Amino acid sequence: AALEADLRQALIRQQLYLSYQPVVDRTAQVTGVEALLRWAHPQRGEIGPAEFIPQAEKSELILELGEWVLQAACLQLVQWAASAATAHLTMAVNVSARQFRQPGFIDQVRAVLQRTGADPRLLKLELTESMLLADMDDVIGKMAALRAHGVSFALDDFGTGYSSLRYLKLLPIDQLKIDRSFVQDMLHSRHAASIVRAIVNLAYSLDLAVVAEGVETRAQWRALEAIGCTAFQGYLFGRPAATLPPPARFNLED
Ligand code: G
Ligand code: G
Ligand code: MN
Ligand code: NA
């Protein structure tokens, strides 16, 4: 409860900010970013979302927090739209379960897009597998409504939840994000490598894009490329950073 009160103050006192991690293509060209929430706490220093999102999820505060994140991300898109070098960048935003389940979620996203003037086609909402199980009709309805506005959807941390192949086919998603635990293990575990390969093949056979997360080394990048992966995210290409814009292209040539 103390944290909740603190967090309310943080919203008012503008202690929250977004950090952006690049997503790159096969040529290491930046195609977009993932927005990651941070809290510059006056006493405790920088606090990551793993420490306060679960707490915020216990109350309606997560709805306000989620709206703040959406708005900040969309304002950034608008700023990027003003410059040719950054106008194409996509923005992935993590959505929490409670935020997505609220009856007004569609209106919340639409209102933020309208208010900010951000291009919906550049906005990608990241959902996790577990949040999609609850009420499939409601989930599909919400996704379809937002997709009709141009917003796209990614399934985050893929492979760690209850991945039912049946709902993968039913859900109107655009992209799978391979959980970083598989990428981290793939070079020393045949098992992990097989899982990564299976996810990539599954994505393509369902006409979905796929992003490998947590790419930290060039060797991992090469192995992922060999499997057919075409989009990457991880410390190799850039850590989450508040300073913008990211470089247009990473020079990773030897
Ligand atoms: O950035 P970091 O690795 O600390 O993120 C930890 C977790 O917090 C990740 O699972 C990420 O998806 C989640 N997260 C980061 N930013 C947000 C956000 O704005 N909203 C929600 N709901 N989750 C976030
Ligand atoms: O659950 P989600 O995928 O949204 O979480 C993203 C989190 O992963 C962010 O908090 C980010 O800090 C972290 N992350 C991003 N790239 C890497 C990486 O290459 N290695 C590790 N260990 N963590 C990463
Ligand atoms: Mn994510
Ligand atoms: Na993830």
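Up top you'll find the structure we're talking about.
Rules used in this analysis
Residues numbered from 1 in each chain as written. Chains lettered and ligands numbered in written order. Predicted model: local features only at pLDDT ≥ 70, side-chain atom pairs only at ≥ 80, totals over all residues. Near = placed C-beta within 6 Å. Nonpolar A, V, L, I, M, F, W, Y, C, P; charged D, E, K, R; others polar. Core = buried A, V, L, I, M, F, W, Y, C linked by C-beta atoms within 7 Å. Buried ≥ 20, exposed ≤ 12 C-beta atoms within 10 Å, placed from the backbone. Helix = DSSP H or I, 4+ residues; strand = E, 2+ residues; numbered from the N terminus. Contact = placed C-beta atoms within 7 Å. Expected span 1.5 Å × (residues − 1). Arc of directions from axis to C-beta. Pairing = 2+ DSSP bridges.

**Structural notes on the site of ligand 2**
- Within the structure, ligand 2 sits among 13 residues, and Asp157, Gly214, Glu216, Gly234 and Tyr235 are positioned closest to it.
- Per-class residue counts for the shell around ligand 2 are four nonpolar, four polar and five charged.

**Here's the deal with the nonpolar core**
- Grouped together as the largest cluster of nonpolar side chains are 64 residues, with contacts concentrated most on Ala35, Ala73, Met91, Val93, Ile178 and Phe232.
- The dominant element in this core, judged by the number of residues it contributes, is helix H3 (residues 61-81), at eight residues.
- Residues within four places of Val93 in sequence aside, it is in contact with Ala35, Val69, Leu70, Ala73, Leu123, Leu125 and Glu126.

**Structural notes on the site of ligand 1**
- Neighbouring ligand 1 are Leu36, Leu37, Gly48, Pro49, Ala50, Ile53, Val69, Asn94, Ser96 and Pro240.
- Mapped by element, the contributors of at least two residues to the shell around ligand 1 are strand E2 (30-41) and helix H2 (49-56).
- Ranked by the residues each element gives to the shell around ligand 1, the list is headed by H2, at three residues.

**What to know about unusual backbone geometry**
- Residues other than glycine seldom take positive phi values, yet Gln14 does so here, at roughly 60°.
- Relative to the assigned elements, Gln14 resides in the loop between helix H1 (2-12) and strand E1 (16-25).
- Judged by the 9 C-beta atoms lying within 10 Å of it, Gln14 is exposed.
- The backbone of Ala28 sits at a positive phi, close to 65°, despite the residue not being glycine.
- Looking at where Ala28 falls in the secondary structure, it is placed in the loop between E1 and E2.
- Here Ala28 falls in the partly exposed class, since 16 other C-beta atoms lie within 10 Å of it.

**Focus on the environment of Glu46**
- Looking at the element boundaries, Glu46 is found in strand E3 (residues 45-47).
- Separated by 31 residues in sequence, Glu46 and Gln15 have C-alpha atoms that sit 9.6 Å apart.

**A short note on helix H9 (residues 190-205)**
- Look at H9: 22 Å from first C-alpha to last across 16 residues, which is about the 22 Å you get at 1.5 Å a residue.
- Along H9, the residues that are buried comprise Val196, Ile199 and Ala203. Angular distribution of buried residues about the axis of H9 spans 65°; they occupy a single face of the element. Exposed side chains of H9 directed beyond 90 degrees from the buried face belong to Arg190, His191, Ser194 and Ser205.
- Against the buried residues of H9 lie strand E6 (152-158), strand E7 (175-178), helix H8 (180-185), strand E8 (209-212) and helix H10 (218-227).
- A positive phi of about 60° marks Asp207, the residue just after H9.

**Re the pairing of strand E5 (residues 123-128)**
- E5 sits mainly inside the fold: five of its six residues count as buried.
- As paired strands, strand E4 (residues 90-94) and E5 are joined by four bridges and run parallel to one another. Counterpart to Val93 in the pairing with E5 is Leu125.
- In terms of strand pairing, E5 meets E6 through five bridges, oriented parallel. Counted as the bridge partner of Leu125 is Phe153 from E6.

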